[in-house]
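One-letter residues, chain by chain:
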Number of protein chains: 2
Amino acid sequence: MNRKTDTPVTVIGLGLMGRALAGAFLKAGHPTTVWNRTTSKADQLVAEGARLAPTVGDALRAGSLTIVCVTDYQAVYELLGVSDSELDGKMLINLTSGDSAQAREAAQWAEQRGAHYLDGAIMAIPPAIGTAEAVILHSGPRSGFEIHKATLDALGTVTYLGADHGLASLYDVAGLAMMWSVLNAWLHGTALLRTAGVDAATYAPFARQIAAGVAEWLPGYAEQIDSGSFPAEVSALETDVRAMAHLIEESEAVGVNAELPKLIKAMADRSIAAGHGGEQYPVLIEEFSKPRND
Amino acid sequence: MNRKTDTPVTVIGLGLMGRALAGAFLKAGHPTTVWNRTTSKADQLVAEGARLAPTVGDALRAGSLTIVCVTDYQAVYELLGVSDSELDGKMLINLTSGDSAQAREAAQWAEQRGAHYLDGAIMAIPPAIGTAEAVILHSGPRSGFEIHKATLDALGTVTYLGADHGLASLYDVAGLAMMWSVLNAWLHGTALLRTAGVDAATYAPFARQIAAGVAEWLPGYAEQIDSGSFPAEVSALETDVRAMAHLIEESEAVGVNAELPKLIKAMADRSIAAGHGGEQYPVLIEEFSKPRND
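Residues numbered from 1 in each chain as written. Chains lettered and ligands numbered in written order. Predicted model: local features only at pLDDT ≥ 70, side-chain atom pairs only at ≥ 80, totals over all residues. Heavy atoms only, no water.

A separate point is the overall build of chain A. Within chain A one finds 12 helices and 8 strands. Here chain A, with 294 residues, has 57% of them falling under the buried criterion. For chain A, long-range pairs separated by at least 24 residues make up 63% of all intrachain contacts whose partners lie at least 6 apart in sequence. Averaging the locations of the 21 positively and 34 negatively charged side chains of chain A gives two centres separated by 6 Å. (Helix = DSSP H or I, 4+ residues; strand = E, 2+ residues; numbered from the N terminus. Buried < 20%, exposed > 50% of the residue type's maximum accessible area, 1.4 Å probe, protein only. Contact = heavy atoms within 4.5 Å. Lys, Arg positive; Asp, Glu negative; His and termini not counted. Charge placed at Lys NZ, Arg CZ, Asp CG, Glu CD.)

When cut into domains, chain A gives domain 1 (9-164) and domain 2 (195-288). Centre-to-centre separation of domain 1 of chain A and domain 2 of chain A, based on C-alpha positions: 40 Å. (Domains from an automatic or database assignment.)

Attention now goes to the side chain of T66 of chain A. Here T66 of chain A lies in strand 4 (residues 65-68). Leaving out residues up to four positions away in the same chain, T66 of chain A has contacts with T10, I12, L60, M91, L92 and I93 of chain A.

On to the sheet that holds strand 1 (residues 9-12) of chain B, then. Residue and element names in this part refer to chain B. One open sheet holds the 8 strands; their spatial order is 3-2-1-4-5-6-7-8, and the pairing between them is mixed. Among the strands making up the open sheet, the edge pair consists of strand 3 (51-52) and strand 8 (157-162). Here helix 5 (residues 100-112) sits on the sheet in contact with strand 5 (91-94) and strand 6 (116-123), set at roughly 150° to strand 6. Sitting on the sheet, helix 6 (residues 142-152) touches strand 1, strand 4 (65-68), strand 5, strand 6, strand 7 (135-139) and strand 8, and the angle it makes with strand 8 is about 175°. (Pairing = 2+ DSSP bridges. Axes fitted to C-alpha atoms, helices over the stretch in contact; angles between N-to-C directions.)

Let us look at the pairing of strand 8 of chain B. Residues and elements named next belong to chain B. When strand 7 meets strand 8, the two strands line up parallel, connected through 5 bridges. Paired with V135 across the two strands is T157, which belongs to strand 8. Between the parallel elements strand 7 and strand 8, the chain passes through helix 6 in a crossover that is right-handed. (Right-handed = clockwise from strand over helix to strand, strands pointing away.)

What follows deals with the side chain of N36 of chain B. All names here are of chain B. Within the secondary structure, N36 is located in the loop between strand 2 (32-35) and helix 2 (43-47). Taking relative accessible area as the criterion, N36 reaches 12% and is therefore assigned buried. A polar atom in the side chain of N36 sits 2.8 Å from the backbone nitrogen of L14. Reaching out from N36, the side chain makes a polar contact with the backbone oxygen of T38 at a distance of 2.8 Å. (Polar contact = N/O pair within 3.5 Å; in protein donor to acceptor, adjacent residues only side chain to side chain.)

Our next topic: the environment of V9 of chain A. Residues and elements named next belong to chain A. Examined against the element boundaries, V9 turns out to sit in strand 1 (residues 9-12). When its relative accessible area of 0% is taken as the criterion, V9 is described as buried. In this structure the C-alpha to C-alpha distance between V9 and H30, which are 21 residues apart in sequence, comes to 6.7 Å. Not counting residues within four places of it along the chain, the set of residues in contact with V9 comprises F25, H30, P31, T32, T33, L65 and T151.

Taken residue by residue, the interface counts 86 residues in chain A and 86 residues in chain B. Interface area for chain A against chain B, summed over the two sides, is near 8,100 Å², with a carbon-plus-sulfur share of 75%. The largest share of the area that chain A buries against chain B comes from Y171, W180 and F288 of chain A, three residues that together contribute 9% of it. Between chain A and chain B we count 4 salt bridges in total. R270 of chain A is the salt-bridge partner of E259 of chain B, the closest N and O atoms lying 2.9 Å from each other. (Buried area = accessible area lost by both parts, 1.4 Å probe. Salt bridge = Lys/Arg side-chain N within 4 Å of Asp/Glu carboxyl O.)

This part takes up the pairing of strand 5 of chain B. Residues and elements named next belong to chain B. Of the two faces of strand 5, the one carrying M91 and I93 and the one carrying L92 and N94 are both buried. By the bridge criterion, 4 bridges tie strand 4 to strand 5 in an arrangement that is parallel. Following the sheet pairing, V68 is matched in strand 5 by N94. Handedness of the β-α-β unit built from strand 4, helix 4 (residues 73-81) and strand 5 comes out right-handed. As paired strands, strand 5 and strand 6 are joined by 4 bridges and run parallel to one another. Bridging across to strand 6, M91 finds its partner in H116. Taking the sense of rotation as the criterion, the β-α-β connection linking strand 5, helix 5 and strand 6 turns out right-handed.

Residues and elements named next belong to chain A. Applying the stated criterion to the full structure yields 22 salt bridges over all chains. We note a salt bridge from E86 to R61, for which the minimum N-O separation is 2.4 Å. Here R61 lies in helix 3 (residues 56-62) and E86 lies in the loop between helix 4 (73-81) and strand 5 (91-94), a separation of 25 residues in the sequence. When its relative accessible area of 47% is taken as the criterion, R61 is described as partly exposed. E252 is the partner of K262 in a salt bridge, and the nearest nitrogen-oxygen pair spans 3.0 Å. One end of the pair, K262, is in helix 11 (residues 259-276); the other, E252, is in helix 10 (residues 237-253), with 10 residues separating them in the sequence. We classify K262 as partly exposed; its relative accessible area is 41%. Judged by relative accessible area, E252 falls into the partly exposed class, the value being 43%.

As a further point, take the packing of helix 8 (residues 200-215) of chain A against helix 9 (residues 218-227) of chain B. Interhelical geometry of helix 8 of chain A versus helix 9 of chain B gives an angle of 155° and a closest axis separation of 8 Å. Classified by the angle their axes make, helix 8 of chain A and helix 9 of chain B are roughly antiparallel. Crossing angle aside, the handedness with which helix 8 of chain A passes helix 9 of chain B is right-handed. Between helix 8 of chain A and helix 9 of chain B, the contacting residues are A200, A201, A204, A207 and R208 of chain A on the first element and L218, P219, A222, I225 and D226 of chain B on the second. Its residues assigned to classes, the contact of helix 8 of chain A with helix 9 of chain B comprises 8 nonpolar, no polar and 2 charged. (Parallel < 35°, antiparallel > 145°, perpendicular 65-115°, else oblique. Left-handed = near helix turned anticlockwise from the far one by under 90°. Nonpolar A, V, L, I, M, F, W, Y, C, P; charged D, E, K, R; others polar.)

Screw-axis analysis of chain A against chain B gives a translation of 0.0 Å along the axis, an RMSD of 0.0 Å, and a rotation angle of 180°. As the rotation angle and translation indicate, the two copies are arranged about a two-fold axis. Relative to the rotation axis, the C-alpha of A212 of chain A is the closest in chain A, positioned 2.3 Å from it. A shared interface surface links the copies, since 100% of the contact residues of chain A are contact residues in chain B too. (Least-squares fit on C-alpha atoms with pLDDT ≥ 70 in both.)

Written out as C-alpha cells, the structure is:
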C-alpha cells in the first residue's frame, strides 16, 4: 500500500503532545506547517524542517489536513474562529482532550463552516507518538478518516470507531477506566501478598495471567448484555457475593485497604436487591448504567 | 514423566466441588475413597467406581493422600478431629474455602497430629475440575506438593506458591479482586458506550485489548514497588488525576454510575495529598497497603 509522505499537514498547538505529533509528521517526510501562540515552542521543529506559520489562517491554508491539539475546546473555537473562512473544504482533526458532548458540538461548529471534521483521542504519552504503541482513536465520517489514514499512520496505530463524533472520547475514558482498574486490582493484590512477605515482582505474573485470562471472557459476556438475558451458566451473583464478602474479610484481617472490594460487593448487593441474585455477573450492567444518587 | 494413576486417594466432603474432585480422580484411574455425612451424595461416584467409606477414620486409612473440601474450617476440625490419630504420617490437602489465618491455624493443628498439610484454593467452578482451565493453588511445605503433584495433576492446573500456608488463600482473593475489577471496568465502559448506541459486542474487543495490554505493564511496575522508588517515567500522578476527573465528568454527563471512577480518583487524590503527586502510579501501593477508617 502506498504510504503517503508528501501530503502537507498542519499542526496547531505545540504543547508537549502537539510537538510530538508535528515531529512524527516531519520524521515521516510530510511537509509540516505549525502554529503556536508562543512561537518559541516551534524552534526545535523548525530546525527539523517545519515551517512556522505567522497566523492561524496561514497555517490552515498550508495543507488540506489540519490537526489541532490545544488546551481545551474553548481554545479551539477561539483560535480557529478568527479565521473560520479558511475552514471551508478543509479536513480538521481535533485531538484536543474533551468529552463526547464537546466533540459533537465542535463537529457541528466545524461542519457549519464547511470543514470535514474528525474528533480524536490520543491513548499515549507524547514520547510514544510515532510508534505503534500510540493508539489514536478517531470518530466522525468514515470517508474523511479513510482519505487521510495513510497520512495519519505516521502518528501511531490509528483507529476508526464510527460516525458519531463522541465515540473517540467515550472509548478513551472507557479505556482509562480499564487501565486504572487493572492497576488498582493489581495494587490491592500486591498489598495483600506483601503482608505474607511476597514481593511485588513475585506476585505480578499471577496478576497479569488473571487479567489477561478474564479479558478473554468479555466478548462472550457481551452477548449476554446485548441479548438482555443473563442465565447463570458459570456462576450466580448470589454465589459470587459470598466470595466478595470473603475478599473484604481477608483484606481487613491482614490490614489492607478494603474500599475496592467493598465497592465490588456494594454493586453486586444492589443488583441482588433488585432481584438478580440468580443471574450471572453481566446483569450488573443495569447498575453500571444508571447514576447513583446518595 | 510418569503420571501416577495408581495412587489411592481419599476425598472427604461431597458437595458440588468435592464430587467434581473425586470424579476427576476416578476418571484419571485412581482408586478413590469418598466420605460424606449424607451418604447419598456418593451414589453417582460409587456407580463410577468409588468406594464409600463408612467413617472418616476409615476414609483416612484408605490412602496416603486425603483431600478435604467441606463448608468451612470449623467443619474440617469437627470431622477430622474425631479420628485424629489417623492423621499421623498422612498427607492432608485442605481445599475448603477460608482465609489465610485459618489456613495457618489448620496447618498447625494438622502438623501437631503428625500430618503433612497443604492448604489449597480452587480458582474454578466444579464443571471445570479435571481440565487445564481449573487452577488449583497450593501452599505449605514444597516436598509435600512435589511428592503428590503427579496425582494432583488429575484435578487441573496445579500450582505451588510457597511454604506459608496462607498463600493459597491470599493469591485466591487477590485473583478474585482482579477478576471483578476487569469485569467492572468493562461494564463501566460498556455502559458509557451504550449511551452512544454502541452495543456490548462492539466494545468488548477494545476492552479486552486494553486489559491485556495493561496486564503486560505489571511486572515492570512491580520493580518500582520492590525498590520503593517511583520516578514518573511515563506519567505523574498529578497528571493522571486530571484524566480521572475527566472520566468522572463524562460518566456523569452521559448519566452512568460514577462510583468506580470516583474511587479511582479518591485513592489518587489521597496519595497526592500525602505528597506523591510527582511520582508514578505504583506509588499508590502506600494507600492500598493501609486500612481506611472513616
